[in-house]
Amino acid sequence: MLELSALGLLQQEPLHGYRLKQRLELFLSSCMSVNYGAIYPLLKRLEERGQVQVLLEESGDGGASRKIYAVTAAGCDRWREQMLEHPQESWVKSRARFLVKYFFFGSLEPGERVQLIEIRLRVCYQRKTYLDSQEMGKLVTDSFQVATWERAKVMLESEMDWLHECLEKEKSTASTSISGKM
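Small disclaimer: the values here were computed from a predicted structure and weren't measured. (Residues numbered from 1 in each chain as written. Predicted model: local features only at pLDDT ≥ 70, side-chain atom pairs only at ≥ 80, totals over all residues. Heavy atoms only, no water.)

1. Re a nonpolar patch on the surface
Which entries qualify depends on this criterion: Patches here: salt-bridge-free residues with over 30% relative accessible area, like charges joined within 9 Å, nonpolar side chains (Val, Leu, Ile, Met, Phe, Trp, Tyr) joined within 5 Å. Computed with the Shrake-Rupley method and a 1.4 Å probe, the accessible areas treat only the protein chains shown as cover for residues. Note on definitions: salt bridges are taken to be side-chain nitrogens of Lys or Arg within 4 Å of carboxyl oxygens of Asp or Glu. Exposure categories follow from relative accessible area, calculated using a 1.4 Å probe and restricted to protein chains: below 20% of the type maximum is buried, above 50% is exposed, and the middle band is partly exposed.
A surface patch of nonpolar side chains, amounting to about 300 Å² of accessible area, comprises Tyr 18, Tyr 36 and Tyr 40. Its relative accessible area of 40% is what places Tyr 18 among the partly exposed residues.

Structure representation (structure tokens):
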């Protein structure tokens, strides 16, 4: 998810590593944690793969130089590939990945957004079916566990409601853009 996020932010504007970390924390801290120990090695790997390039190197505070990175065409292609892929992963990680992708929805076509929302909705329905099939009477032992269980169900239902709203909006946008091209 860090690679997806970094490539997405660098498509919006060139950034140096420190500013990239700040943007990741500001916009995506509810989905992922970010540390400097991951940012600079990631930028180096992306540069080695030709997915980002150094636009310029400027003097920073204290004499240390700062590299300003921009995404390349190969980086844009990799970002799009990651946006549209559907890896098999845990429930928690898939929720975080969807939120990261949703942050960048403005860079996708309406049909692509519809597809991603529909996939997320299917995952949510599968999770709901699983939760509904469990007999909690034997699994929870106190009121705090019951409250946690109930909260998880409410959060899932809330996410599904939100996804349905997003889907309706995107379908409307997609049909408007199609009829506008005719």
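2. With respect to the pairing of strand β3 (residues 65-71)
Rules: We treat two strands as partners when DSSP finds at least two bridges between them. Each helix corresponds to a stretch of at least 4 residues labelled H or I by DSSP, and each strand to a stretch of at least 2 residues labelled E; elements are numbered beginning at the N terminus.
Sheet topology note: the strand β1 (residues 15-16)/β3 ladder contains two bridges and is antiparallel. When the bridges of β3 are listed, His 16 appears paired with Ile 68. Where strand β2 (residues 52-59) lies against β3, seven bridges are found, and the strand directions are antiparallel. Paired with Val 54 across the strands is Tyr 69, a residue of β3.

3. What to know about the domain arrangement of the protein
As a reminder of what qualifies: In this document the domain limits rely on a domain assignment from an automatic tool or a database.
The assigned domain composition of the protein is domain 1 (1-80) and domain 2 (109-179). Measuring from the centre of the C-alpha atoms in domain 1 to the corresponding centre in domain 2 gives 31 Å.

4. Focus: the side chain of His 16
The criterion, for reference: Pairs of N or O atoms within 3.5 Å make up the polar contacts considered here, provided that, within protein, one atom can donate a hydrogen while the other can accept it, and that residues adjacent in sequence are counted only when both atoms are side-chain atoms. For this analysis, residues touch if any pair of their heavy atoms sits within 4.5 Å.
In this structure, His 16 sits in strand β1. Within polar-contact distance, the side chain of His 16 engages the side chain of Arg 66 at 3.0 Å. Beyond its immediate sequence surroundings of up to four residues, His 16 is in contact with Arg 66, Lys 67 and Ile 68.

5. Details of the nonpolar core
Rule in force here: Side-chain atoms within 4.5 Å link the members of a nonpolar core, which is a set of buried Ala, Val, Leu, Ile, Met, Phe, Trp, Tyr and Cys residues.
Membership of the largest hydrophobic core comes to 42 residues, with the highest contact counts inside it found for Leu 20 and Leu 24. Put simply, the parts of the chain that give this core at least two residues each are α1 (2-12), α2 (17-28), α3 (36-48), β3, α4 (73-84), α5 (91-103), α6 (110-133) and α7 (143-181). Both domain 1 (1-80) and domain 2 (109-179) contribute no fewer than three residues apiece to this core. With sequence-adjacent residues up to four places away left out, Leu 20 is seen in contact with Ala 6, Leu 9, Leu 15, Ile 39 and Leu 43.

6. What to know about the pattern of salt bridges
Where charged atoms from two side chains of opposite charge come close, those side chains can pair. Taken as a whole, this structure holds 14 salt bridges when the rule is applied. The partner of Glu 118 in a salt bridge is Lys 171, with the nearest N and O atoms 3.8 Å apart. Of this pair, Glu 118 sits in helix α6 while Lys 171 sits in helix α7; the two residues are 53 residues apart in sequence, bridging distant segments of the chain. Relative accessible area serves as the criterion here: at 39%, Lys 171 is assigned to the partly exposed category. Arg 120 is the partner of Glu 159 in a salt bridge, and the nearest nitrogen-oxygen pair spans 2.8 Å.

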